[in-house]
Amino acid sequence: MPNDRILSGLSLAQKAGQAASGEFSVEKAVREGRAFLVIVAGDASDNTKKKMKNMTEYYGVPIYIYSEKENLGRCIGKEYRAVAAVTHPGFADSIEKQLKLVSQLNREEQAWQK
């Protein structure tokens with residue numbers, strides 16, 4: 001996790017009280033319209049990924065798959081967390097920019113490997 005801007009941003013959002021973690025809390029935040037970004041751990045179950053994907057599509061909330069449950073939980077001061085949501089638009093925009101950058105770099109890397 002050293003120097004990971006995405007997890008650092010999520011950590012700051014949690015410290016500011018602008019994050020929700022855990023399936024139930026994230027689901028509630030999305031349904032209430034408080035979530036501006038959802039992050040699902042890459043090692044979360046397929047059922048969790050599908051459930052979150054369907055719900056965020058319905059409510060129009062951006063969703064990204066990133067990191068692992070252990071790292072996601074550790075950055076917000078908890079144990080393992082499969083899902084986290086950011087409930088502040090400023091934090092969400094900042095984290096989403098970093099997620100898009102990482103996503104673009106991964107696509108470019110995959111293109112070079114072909």
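What this report covers is the structure whose coordinates are included nearby. (Residues numbered from 1 in each chain as written. Predicted model: local features only at pLDDT ≥ 70, side-chain atom pairs only at ≥ 80, totals over all residues. Heavy atoms only, no water.)

1. Thoughts on the overall build of the chain
No. 1: Scanning the chain from N- to C-terminus turns up 5 helices and 4 strands.
No. 2: Traced from its N-terminal end to its C-terminal end, the chain shows the element sequence α-β-α-β-α-β-α-β-α.
No. 3: Overall, the chain is about 45 × 30 × 25 Å in size when its C-alpha atoms are taken along their principal axes.
No. 4: Burial statistics for the chain: of 114 residues in total, 37% are counted as buried.
No. 5: For the chain, contacts bridging at least 24 residues in sequence account for 79% of all contacts bridging at least 6.
No. 6: Charge centroids of the chain, computed over 17 positive and 14 negative side chains, lie 3 Å from each other. (Helix = DSSP H or I, 4+ residues; strand = E, 2+ residues; numbered from the N terminus. Buried < 20%, exposed > 50% of the residue type's maximum accessible area, 1.4 Å probe, protein only. Contact = heavy atoms within 4.5 Å. Lys, Arg positive; Asp, Glu negative; His and termini not counted. Charge placed at Lys NZ, Arg CZ, Asp CG, Glu CD.)

2. Quick notes on the side chain of Thr-56
No. 1: Checked against the element boundaries, Thr-56 lands in helix 3 (residues 46-59).
No. 2: A residue is classified by how much of its surface remains accessible, and Thr-56, at 1% relative accessible area, is buried.
No. 3: The residues contacting Thr-56, other than those within four sequence positions of it, are Val-38, Val-61 and Ile-63.

3. Thoughts on the pairing of strand 4 (residues 83-86)
No. 1: Of the two faces of strand 4, the one lined by Val-83 and Ala-85 and the one lined by Ala-84 and Val-86 are each fully buried.
No. 2: Relative to strand 4, strand 1 (residues 19-21) runs antiparallel, the two sharing 3 bridges. Each residue of the ladder has a partner; that of Ser-21, found in strand 4, is Ala-84.
No. 3: Note that strand 2 (residues 37-40) and strand 4 share 4 bridges and pair antiparallel. Among the inter-strand pairings, Val-40 is bridged to a residue of strand 4, identified as Val-83. (Pairing = 2+ DSSP bridges.)

4. Overview of the nonpolar core
The nonpolar side chains of a soluble globular protein tend to be buried, and buried together.
No. 1: Membership of the largest hydrophobic core comes to 17 residues, with the highest contact counts inside it found for Leu-10, Leu-37, Ile-39, Leu-72, Val-86, Ile-95 and Leu-99.
No. 2: Those residues in contact with Leu-72, other than ones at most four positions away along the chain, are Leu-7, Leu-10, Ile-39, Val-40, Ala-41, Arg-81, Ala-82, Val-83 and Ala-84.
No. 3: In terms of nonpolar packing, the next biggest core, distinct from the first, is built from 13 residues, Val-26, Val-30, Met-52 and Val-61 among them. (Core = buried A, V, L, I, M, F, W, Y, C linked by side-chain atoms within 4.5 Å.)

5. Topic: the environment of Arg-31
No. 1: Structurally, Arg-31 is set in helix 2 (residues 23-31).
No. 2: Owing to a relative accessible area of 48%, Arg-31 belongs among the partly exposed residues under this scheme.
No. 3: Measuring from C-alpha to C-alpha, the distance between Arg-31 and Tyr-58 comes to 9.6 Å, with 27 residues separating the pair along the chain.
No. 4: Beyond its immediate stretch of four places on either side in the chain, Arg-31 contacts Met-55 and Tyr-59.

Functional significance is not addressed by these values, which are geometric in nature.
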